[in-house]
Amino acid sequence: MPVSSFDITRVIRPNILRLEPYRCARDDFSEGVLLDANENSYGAAYKSNISCDNGQICVEPQADRLQLHRYPDPKGYEVKQRILKLRPSVAGVDNVFLGVGSDEIIDLIVRITCQPGRDSILITPPTYGMYKVVASINDVGIVKVPLVVEDGAFQLDVDAVIAAATGDSSVKVIWLCSPGNPTGTILREADVRQVLDSGFGGVVVVDEAYVDFVRPERGESYARLVAEYPGLFVMQTMSKSFGLAGIRLGVGIGGREIVSYLNRAKAPYSVSSLTLDVAKHALSDEGIQKMRSVVNSLQAQRDEYLIPKLLQLPRVGAILGGNDGNFVLCRFVDSNGNASNEIAKRVYTEMAQNRGLVVRYRGSDYGCEGCLRITVGTADENKMVIETLRNVLSEEED
Ligand SMILES: Cc1ncc(COP(=O)(O)O)c(C=O)c1O
């Protein structure tokens, strides 16, 4: 579609376009004697003496420092500013949305765009399971256009995606995942651009939960295309490269209009002060440096240890996909070299039940027959994976 013809009013549900958003107390004033939000001026009942300032434990009561008796900043302004430092191609804080993990953002995107019982989303299996679950919860249809899976390529079937999306007016969102889960593969830029240029009038989401694990020579974040395509929305998360799955902070990057409708629809205080504080520290210069050094170690473990060692094991037929994430998709084969769900399942069950090692069975996903998805762990954990698999597979051979 010519970029200028993207029309947000045709994408957002009419009730959301009309929505008079809840105006919370902190939208008006945030300084002075604050007696406007029915908070407890006497302070928090719980006071921890642990503060995570500069990663040091100090005696300043966290509840006081974080003013936990107050509602959090509904806009998460400081965290958004730090996101701009991390992703310099993003124009401003109005292009950034914060949610309770990417999972909340997935739900909000569906809720602001898709009318229950009428509209649908397009997904490209094999892909992250939450898109489907969220669509089902919201009574929204699911159009599936599988990835090209031959030889573990896991790339878009571009023509089929465009035909399905433009030929069905119920499709409001195309959901892409890059690097994909469970495919571990970054999508080709030419393909993503073709979808964005196709004339599809809805939102194209690119879920980049694993983007920091991609080696630069293989590709980079699509956040830089947001300025060019107002219908593009990129999702990232603090759960993976920053190692902060517990704080639940997802980051959306998109045109100001989409972001503003998401802000209208979200609960004003959904992201907590604790989450914002931890994210702010993690997104400091030191935090980002630490994240990058962890990513380097993880990439080395993935590419120089785990993958070559897995490929030496009996019954391991291939590692599928581009290995752009913090996991590998390992295919198990029978004695004829055919992908075997039976072997994958047996190995998975034996390891989880009897050897204290839990990975994920993915053999039922489209194009992933015989596959287990193994998260790249620490050096010791990866050694355990190889040793345990070697033992379990040698018993298979007997
Ligand atoms: C592709 C993808 N998107 C999103 C998520 C969820 O991220 P969050 O922890 O931010 O909700 C995951 C988690 O595994 C994922 O694999």
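The structure displayed is predicted, hence computed values, not measured ones.

Participant: I would appreciate a short explanation of the domain arrangement of the protein in the present structure.
Facilitator: As a measure of interface size, the accessible area lost when the parts come together is often cited. When its domains are assigned, the protein resolves into domain 1 (3–24 + 71–283), domain 2 (29–69) and domain 3 (297–397). Centre-to-centre separation of domain 1 and domain 3, based on C-alpha positions: 30 Å. With 21 residues of domain 1 at the contact, the number on the domain 3 side is 21 residues. For the pairing of domain 1 and domain 3, the buried interface totals around 1600 Å² over both sides, and the portion due to carbon and sulfur atoms is 55%. When residues of domain 1 are sorted by the area they lose upon contact with domain 3, Pro182, Phe213 and Arg215 head the list and together hold 38% of the total.

Participant: Help me understand the state of the cysteines, please; the structure alone is not making it clear to me.
Facilitator: One way to say it: the disulfide is the covalent bond shared by the sulfur atoms of two cysteines. Counting across every chain of the model gives zero disulfides. There is no disulfide at Cys177, and the cysteine sulfur nearest it, in Cys368, is 12 Å away. Between Cys368, a cysteine without a disulfide, and Cys371, which holds the nearest cysteine sulfur, the sulfur-to-sulfur distance is 5.2 Å.

Participant: When you look at the site of the ligand in this model, what are you seeing that I'm missing?
Facilitator: In the region of the ligand, 13 residues are neighbours, and Ser102, Asp207, Tyr210, Thr237 and Ser239 sit closest. Between Tyr210 and the ligand, the recorded distance is 2.7 Å, taken from a side-chain N or O atom to an oxygen atom. Between the ligand and the protein, one listed contact pairs an oxygen atom with a side-chain N or O atom of Arg248 at 2.8 Å. Notes on the ligand: free accessible area 400 Å², of which the protein chains cover 92%. Of all the elements, helix H5 (residues 101–113) adds the most residues to the shell around the ligand, at three residues. Considering only residue class, the shell around the ligand consists of four nonpolar, five polar and four charged.

Participant: Can you help me understand the packing of aromatic side chains in this one?
Facilitator: Aromatic rings in a pair are described by how distant their centres are and how their planes are angled relative to each other. Counting across every chain of the model gives five aromatic pairs. Residues Tyr71 and Tyr269 carry aromatic rings whose centres are separated by 4.3 Å and whose planes lie at 15° to one another, so their mutual orientation is stacked. Here Tyr269 lies in the loop between helix H9 (256–265) and helix H10 (273–282) and Tyr71 lies in the loop between helix H3 (62–65) and helix H4 (77–86), a separation of 198 residues in the sequence. The class for Tyr71 is partly exposed, based on a relative accessible area of 39%. For the ring pair Tyr348 and Tyr361, a centre distance of 6.5 Å and an interplane angle of 40° mean the geometry is tilted. One end of the pair, Tyr348, is in helix H12 (residues 341–354); the other, Tyr361, is in strand E10 (residues 360–361), and 13 residues separate them in sequence. Judged by its relative accessible area of 15%, Tyr361 is buried. What links up through ring pairs into an aromatic cluster is the set Tyr128, Tyr131 and Trp175. The cationic tip of Arg373 hangs over the ring face of Phe327; the distance from NZ or CZ to the ring centre is 5.7 Å.

Participant: Looking at this model, I keep getting lost on the packing of H5 against helix H6 (residues 130–137). Mind explaining?
Facilitator: Each packed pair of helices is defined by two parameters, the angle between the axes and the distance between the axes. Two elements in contact, H5 and H6, have axes separated by 10 Å at closest approach and are oriented at 45°. As the angle between them shows, H5 and H6 are arranged oblique. Both H5 and H6 take part in a crossing whose hand is right-handed. Residue-level contacts link Asp103, Ile106, Asp107 and Val110 of H5 to Met130, Tyr131 and Val134 of H6. Class assignment of the residues belonging to the contact of H5 with H6 gives a composition of five nonpolar, no polar and two charged.

The rules behind these values
- Residues numbered from 1 in each chain as written.
- Predicted model: local features only at pLDDT ≥ 70, side-chain atom pairs only at ≥ 80, totals over all residues.
- Heavy atoms only, no water.
- Domains from an automatic or database assignment.
- Contact = heavy atoms within 4.5 Å.
- Buried area = accessible area lost by both parts, 1.4 Å probe.
- Disulfide = S-S within 2.5 Å.
- Near = heavy atom within 4 Å.
- Polar contact = N/O pair within 3.5 Å; in protein donor to acceptor, adjacent residues only side chain to side chain.
- Areas by Shrake-Rupley, 256 points an atom, 1.4 Å probe, with all protein chains shown as cover.
- Helix = DSSP H or I, 4+ residues; strand = E, 2+ residues; numbered from the N terminus.
- Nonpolar A, V, L, I, M, F, W, Y, C, P; charged D, E, K, R; others polar.
- Phe/Tyr/Trp six-rings, centres within 6.5 Å; stacked < 30°, edge-to-face > 60°.
- Buried < 20%, exposed > 50% of the residue type's maximum accessible area, 1.4 Å probe, protein only.
- Lys NZ or Arg CZ within 6 Å of the ring centre and 35° of its normal.
- Axes fitted to C-alpha atoms, helices over the stretch in contact; angles between N-to-C directions.
- Parallel < 35°, antiparallel > 145°, perpendicular 65-115°, else oblique.
- Left-handed = near helix turned anticlockwise from the far one by under 90°.

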